[in-house]
Amino acid sequence: MKRQERYSWVKNLSCRIFKYFSLKIILVFILLVTPVYAQENIIIKADEISYFYSPPFIVGRGKVKMEYDGITVEADEIQINIDSSEVKGWGNISLQLNSHRIRGKKLSFNLKQKQGSIEQPSGKEGSVIFQAARARIFPDKISLSVGSFTTCNLLPPHYHVLARIIQFYPGDKIVVKNATFYLGSLPIFWTPVFIRYLTRKNKIVFPRIGYSEFTGWYIKTGYSFYSFHTEGSANLNFYQKKGLAGGVDLSYFSKKNNGDLSTYCIKEKDTGRVRGMVKLHHISSVSYRGFLKLNIDYLSDEDVIKDYFYNLPAAKKEISPSFLSCDFTGKTSSLRVIWQPNINKFGEYPQLMPGLNVSFFKPFSGRFYLTQQTELTNFIQEKKRITRAFSSLTLSYPFTLFHFIRFKPTLGYKVFSYQRGDQNFISKSLNNQDLEFFIPLVEKTGNLTNRLSSTLGYYHSNGLGSGFPSLDYREKEAVDKNLIGLRLQNNILWKKLPVFSSKLNLSYNLSGSLKKLNPVEVEVNIPFSKGRLSTDFSYDVYDEDFIYFRSGINIYKKWWNLELNYSDYPLDNKKFVSAKTLLNLGKNLSFSGDVSYDLNLKKVEKLNYSFNLKLHCLGLKIGIRKKPQLDYNFGLYILAFSSS
């Protein structure tokens, strides 16, 4: 038994020694095949590694891979200076920095500063495929010198851009300078600078060709420009009948100043008239609580937007008053000085030459509020100067009854004083009392929630009467009022999703008017899956007729959208239906249309439609407008750099 035990012990020991030396031999073999060096968080693997002490640096040759703090470098040969953290690489370079991967022939990079350069770089940033003579890498951007890029993954690509400088700002934008766009090998467009934003709308100008009844054949083009605090485009258009036209669209921004400027000018060769527009919206911070505002909205004539800018959104077609103002605001007060001339030959905006407005707002005893306002303004109306002095004092004390009924009584007193030309001052006082009760009610039944809020109020004021000028909203609101008003708003939700909402406004005149009940206002919205149905109207119960009636339905589907509207304005004798649609006719072709039909005149007021065709990385858009005047145009664009 003892011999047997000794034999087992010797046998087990022999097995352990054999496993130990076998493992050592395998590890040595692995280390001989793939040398590894690790020091100061630098890990390097290569077929051959050499270490030098003075100065301390490492050289790796043959399928070298180095890793340090999220940075990976692969090359045929890498040299690392331990003291300066400088890395140099040669042959089949691959640099991985965060989410960026760049290939090249020669590398010089600082691991601590995370910046350097690569010769003959190539790679991909998002959908952009690029190559260049040299790339400079910084922590916040990658700058390519003398390079080209495309988003087309075919060889050869459908298009490419040659540029002197290409700057990638990860997650923000791509800035390209001195760029020429090519279709195949044909140059079609050059621009000194353009920007392709990654998170917002692009402002790249591509040539567009078309025909209009008003201008004849035309070509519209321009150039984008960019600086640290400025971006915009210079536009140049040629019209067969009208001649050359140009303008600038500019946006600027800094810590104290920001604004937008749009200009356009043309001297029509057929009429000899100079037409155009200047729109400027500027605001400057002159102190911690002070602002200087300048608004210029000048048009050479009322029809210039209709003739040259018919495709602008409705909001940009509106003409706003031009003014210069200085505003100071405090916690409980404000001061405004405003000068508002009428620089257009049309429009109904009053001229203020100048105006001074002082407001005071302060709470007392927690819930008691006092608002005081004083204004002194010089108007020019019908070539006569009118001086108006206005002062108001308003007291309010909102509070809650029974934990849910909100009560807000308000008392106000206003004084108007006028002087027209050489006439003496005319004064008129106006007092008003408002009492409002607001009652919110919420009822839940299973997954259904009904929220009803009602506001009941009493409103009284005495009007200015006849003989007083109507200068702005103050005089228009200063009318005789003695009525009770009721506003109801109801919202129904199913599992927090809205399924129905409605609003109702009723007011009853307590004075001696024959029509004591004012027109009823109703608004109804019914949202449903992929759409919405809405109706709103104002109804006169005495004349048994609508003041206005509007109704519409919006439907949004995967392959098509549809919007139908009906509007009726009996007082203006306007009744029309309109429709907008978007149809995706397959993966790469879409159709959009916009039509409006006047039911009273029995004619089409507006008819526009367009086709959009996508061809791999390029797109072709054809637009046709038949009403109110004929216009058709087409343009080729790059999908990845389109502003639409």
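Use the structure listed above.
Residues numbered from 1 in each chain as written. Predicted model: local features only at pLDDT ≥ 70, side-chain atom pairs only at ≥ 80, totals over all residues. Heavy atoms only, no water.

For the rest of this paragraph, the subject is the overall build of the protein. Scanning the protein from terminus to terminus reveals 4 helices and 41 strands. For the protein, the proportion of its 644 residues judged to be buried stands at 34%. Within the protein, contacts between residues at least 6 apart in sequence are counted, and of these 35% link residues at least 24 apart. Accessible surface, the protein as shown: approximately 38600 Å² in total, 58% of it carbon and sulfur. (Helix = DSSP H or I, 4+ residues; strand = E, 2+ residues; numbered from the N terminus. Buried < 20%, exposed > 50% of the residue type's maximum accessible area, 1.4 Å probe, protein only. Contact = heavy atoms within 4.5 Å. Areas by Shrake-Rupley, 256 points an atom, 1.4 Å probe, with all protein chains shown as cover.)

A few words on the environment of Ile386. Tracing the sequence through the fold places Ile386 in strand E26 (residues 384–396). Between the C-alpha atoms of Ile386 and Gly421, which are 35 residues apart in sequence, the distance is 6.3 Å. If we ignore the near neighbours within four places in the chain, the residues touching Ile386 are Thr377, Asn378, Phe379, Gln381, Tyr418, Gln419, Arg420, Pro469 and Leu471.

Our focus in this paragraph is the pattern of salt bridges. A side chain with one charge may pair with a side chain of the opposite charge, provided their charged atoms come close. All chains considered together, the criterion is met by 19 salt bridges. When the shortest N-O distance is used, the salt bridge between Lys65 and Glu67 registers 3.7 Å. On the basis of relative accessibility, which here comes to 34%, the residue Glu67 falls in the partly exposed class. Ionic pairing is found between Lys279 and Asp297, a salt bridge with its closest N-O pair at 2.6 Å. Of this pair, Lys279 sits in strand E20 (residues 274–285) while Asp297 sits in strand E21 (residues 290–299), and the two are 18 residues apart along the sequence. A network of salt bridges, in which partner residues are shared, links Glu375, Arg388, Asp472, Arg474 and Glu475. (Salt bridge = Lys/Arg side-chain N within 4 Å of Asp/Glu carboxyl O.)

Take the pairing of strand E22 (residues 323–329) next. Where E21 meets E22, 6 bridges bridge the pair, whose relative direction is antiparallel. Within the sheet, the bridge partner assigned to Leu292 lies in E22 and is Cys326. Note that E22 and strand E23 (residues 333–340) share 6 bridges and pair antiparallel. Counterpart to Ser325 in the pairing with E23 is Ile338. (Pairing = 2+ DSSP bridges.)

By secondary structure assignment, the location of Ser610 is in strand E39 (residues 603–615). Spatially, the C-alpha atoms of Ser610 and Leu582 are 9.6 Å apart, while their sequence positions differ by 28 residues. Residues contacting Ser610, with those up to four places away along its chain left out, are Ser590, Phe591, Ser592, Lys621, Ile622 and Gly623. Only 2.6 Å separates the side chain of Ser610 from the side chain of Ser592, close enough to count as a polar contact. (Polar contact = N/O pair within 3.5 Å; in protein donor to acceptor, adjacent residues only side chain to side chain.)

On to the state of the cysteines. Under the definition given, this model contains 0 disulfides. Counting only cysteine sulfurs, Cys617 is the nearest neighbor of Cys152, a cysteine outside any disulfide, at a range of 3.6 Å. Taking the relative accessible area as the measure of exposure, Cys152 reaches 2% and is therefore buried. (Disulfide = S-S within 2.5 Å.)

Tracing the sequence through the fold places Ser94 in strand E6 (residues 86–97). Ser94 sits in the buried class, given a relative accessible area of 3%. A distance of 3.0 Å separates polar atoms of two side chains, one belonging to Ser94 and the other to Arg101. Those residues in contact with Ser94, other than ones at most four positions away along the chain, are Thr72, Val73, Glu74, Arg101, Ile102 and Arg103.

Attention now goes to the packing of aromatic side chains. Applying the stated criterion across every chain, the model contains 24 aromatic pairs. When the centroid spacing of 6.2 Å and the interplanar angle of 45° are considered together, the rings of Tyr264 and Tyr308 count as tilted. Of this pair, Tyr264 sits in strand E19 (residues 257–267) while Tyr308 sits in helix H2 (residues 304–308), and the two are 44 residues apart along the sequence. Accessibility classification places Tyr264 together with Tyr308 in one group, the buried group. A centroid spacing of 6.4 Å and a plane angle of 45° characterise the contact between Phe368 and Tyr397, whose relative ring orientation is tilted. You can see Phe368 sitting in strand E25 (residues 368–381) and its partner Tyr397 sitting in the loop between E26 and strand E27 (399–401), a full 29 residues away along the chain. You can call Phe368 partly exposed: its relative accessible area is 29%. (Phe/Tyr/Trp six-rings, centres within 6.5 Å; stacked < 30°, edge-to-face > 60°.)

Okay, the environment of Val604 next. Structurally, Val604 can be placed in strand E39. Distance in space between the C-alpha atoms of Val604 and Lys627 is 7.3 Å, their sequence separation being 23 residues. When near neighbours in sequence (up to four residues on either side) are disregarded, Val604 contacts Val595, Ser596, Tyr597 and Lys627.

Quick look at a nonpolar patch on the surface now. On the surface, a nonpolar cluster with roughly 890 Å² of combined accessible area is contributed by Ile209, Trp217, Ile219, Leu236, Phe238, Leu244, Phe611, Ile622, Tyr632 and Phe634. Breaking the nonpolar patch down by element, the ones donating at least two residues are strand E16 (216–226), strand E17 (230–239) and strand E41 (631–638). Relative to the helices and strands, Trp217 resides in strand E16. (Patch = residues over 30% accessible without salt bridge, like charges linked within 9 Å, V, L, I, M, F, W, Y side chains within 5 Å.)

To continue, consider unusual backbone geometry. Keep in mind that most residues, glycine aside, have a negative phi and that most peptide bonds are trans. Residue Pro156 is reached from Leu155 by a cis peptide bond, and omega for that bond is -10°. On the secondary structure map, Pro156 appears in the loop between strand E11 (142–150) and strand E12 (159–169). In this model, Lys627 is joined to Pro628 through a cis peptide bond whose omega is 5°. Within the secondary structure, Pro628 is located in the loop between strand E40 (618–627) and E41. With a phi angle near 55°, Lys495 is a residue other than glycine that sits in the positive phi range. In this structure, Lys495 sits in the loop between strand E31 (481–494) and strand E32 (497–509). A relative accessible area of 54% means that Lys495 is categorised as exposed. In the Ramachandran plot, Lys496 falls in the positive-phi region, its phi being about 70° despite a non-glycine side chain. Examined against the element boundaries, Lys496 turns out to sit in the loop between E31 and E32. For Lys496, a relative accessible area of 78% translates into the label exposed.

Attention now goes to the side chain of Asn432. Structurally, the position occupied by Asn432 is in strand E29 (residues 426–445). Within the local environment of Asn432, its side chain forms a polar contact with the side chain of Lys414, the two groups lying 3.3 Å apart. Setting aside residues up to four positions removed in sequence, Asn432 forms contacts with Thr410, Leu411, Gly412, Tyr413, Lys414, His460 and Ser461.

Any functional reading would require information beyond the geometric quantities listed.
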